[in-house]
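Commentary on secondary and tertiary structure
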Amino acid sequence: MDQRIAVGLVENPCCWALEALAAHVPGDQSAIEIGAYRGRTTGWLALGAQGGNRAHVYSIDPWTSGSIPTGYADLSPSVSTYNASETKAAYDAHLKETGAASFVTPIQATAVEAAKTYDGPPVGLILHDGLHRAQDVAADLRAWIKHTADDAVIVLHDTDDARLGVSEGAARVLATKANAEKWAWNGRVVHSWAKNAGKAPEQRRRGFTVVYTRASSYPQLSAPITGRICNEVTPRGCNLRGL
Ligand SMILES: C[S@@+](CC[C@H](N)C(=O)[O-])C[C@H]1O[C@@H](n2cnc3c(N)ncnc32)[C@H](O)[C@@H]1O
């Protein structure tokens, strides 16, 4: 098994962006994943880090202890599997089978709880892919940006789904006067594409957003992505044992 068959909910362009950005995180900093599910993005973060400066990855998800907000499961059939024991088992198996387990510390907690006890190095990268309501995104980012290094980057998944509040929640935190001194919210790069043709208009776009600091040294990713993108098998393998 390798990362080519990683089951998950994040499209390839976002996974490749995570790989590139994780490679840039200095070795004495960390990459934090909020919302791990079955380990797809975990593997890509670990792959990127190991191909770069070998920053450690902390992977946060409440898994079986998570609670799903009322009505949230209407968004997608996958939501009801978030806290299934099979999901955590699949995550553990994926990390073991890819070889990523040596480079990742899983933390079974909510993002807010995990931030309270985090004693790892300064955070160079945050992937937010936890609950997507504005209040959840804001609480998670508020809890974690205090751990970030001076130069860091935040990747927000699912920013172009009008049913969700990811951008709104992030703006509540990153666009405030206090945080705007560090975070270049207005300079964020939105990668957006069409999806779900034929479904309701509010379900037809997907994307992710990268938020840099004002003095960022992180690579700017290529221009916004257009065309049909799906969560297909990746053309590149990433068995971490081979690294
Ligand atoms: C969209 S899925 C993540 C998909 C994953 N990144 C992947 O590569 O497929 C959202 C995940 O967030 C988790 N989650 C729910 N509440 C959370 C919280 N408060 N903090 C962190 N993660 C949470 C869920 O258990 C679920 O596994």
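The structure this text deals with has already been given above.
Bear in mind the structure is a predicted one, so any value in this text is a computation, not a measurement.

1. Observations concerning the overall build of the chain
- Per the secondary structure count, the chain includes seven helices and seven strands.
- Start at the N end of the chain and walk to the C end: the helices and strands fall as α-β-α-β-α-β-α-β-α-β-α-α-β-β.
- Looking at the chain alone, contacts between residues at least 24 apart form 81% of all its contacts between residues at least 6 apart.

2. Quick notes on helix α2 (residues 40–51)
- The terminal C-alpha atoms of α2 lie 17 Å apart, and with 12 residues this matches the ideal 16 Å at 1.5 Å per residue to within 8%.
- Burial within α2 is extensive, with 11 of its 12 residues counted as buried.
- Where α2 is concerned, the buried positions are Arg40, Thr41, Thr42, Gly43, Trp44, Leu45, Ala46, Leu47, Gly48, Ala49 and Gln50.
- Tucked into the core, α2 has its buried residues touching α1 (12–24), β1 (30–34), β2 (56–60), α3 (85–98), β3 (104–107) and β4 (123–128).

3. Quick word on the nonpolar core
- Leu18, Ala22, Ala49, Leu125, Val155 and Val211 are the most contacted members of the largest nonpolar core, which has 56 residues in total.
- Looking at which element gives the most residues to this core, the answer is α1, with seven residues.
- The contact partners of Leu18, leaving out residues within four places of it in the chain, are Thr41, Trp44, Leu45, Gly48, Leu127 and Val155.

4. Description of the pairing of strand β5 (residues 148–157)
- Among the 10 residues in β5, seven count as buried, and that is most of the element.
- Relative to β5, β4 runs parallel, the two sharing five bridges. Each residue of the ladder has a partner; that of Leu127, found in β5, is Val155.
- Crossover β4 to β5 through helix α5 (residues 134–144) is right-handed.

5. What to know about unusual backbone geometry
- One non-glycine residue, Tyr37, adopts positive backbone phi at about 55°.
- Along the chain, Tyr37 falls in the loop between β1 and α2.
- Here Trp63, not a glycine, exhibits a phi torsion of approximately 40°, which is positive.

6. As for α3
- The first and last C-alpha atoms of α3 sit 20 Å apart over 14 residues, in line with the 20 Å expected at 1.5 Å per residue.
- Among the residues making up α3, those that are buried are Thr87, Lys88, Tyr91, His94, Leu95 and Thr98. Considered in projection along α3, the buried side chains sweep an arc of 120° and stay on one side of the axis. Facing away from the buried side of α3 by more than 90 degrees, the exposed set consists of Ser85 and Glu86.
- Taken from the residues just after α3, Gly99 is the one with a positive phi, measuring 90°.

Reading the values: rules and limits
- Positions within a chain are numbered from 1, following the residues in the order the chain's sequence is written.
- With pLDDT at 70 or above as the cut-off, local features in this predicted model cover only qualifying residues; side-chain atom pairs require 80 or more to be listed or tallied, and sums for whole chains, interfaces and linings still use all residues.
- A run of DSSP states H or I qualifies as a helix once it reaches four residues; a run of E qualifies as a strand once it reaches two. Both are numbered from the N-terminal end.
- Here, residue contact means that the backbone-derived C-beta atoms of the two residues sit within 7 Å.
- Multiplying 1.5 Å by the residue count of a helix minus one yields the expected span of that helix.
- Think of it as a crowd count around each C-beta: if 20 or more other C-beta atoms lie within 10 Å the residue is buried, if 12 or fewer it is exposed, and in between it is partly exposed, with C-beta placed from the backbone throughout.
- The nonpolar core criterion groups buried Ala, Val, Leu, Ile, Met, Phe, Trp, Tyr and Cys residues into a set whenever they are joined through C-beta atoms within 7 Å.
- Two strands are counted as paired when DSSP detects at least two bridges linking them.
- Classification remark: right-handed applies to a crossover when, strands pointing away from the viewer, the course from the first strand over the helix to the second runs clockwise.
- By construction, the arc corresponds to the directions joining the helix axis to the C-beta atoms.

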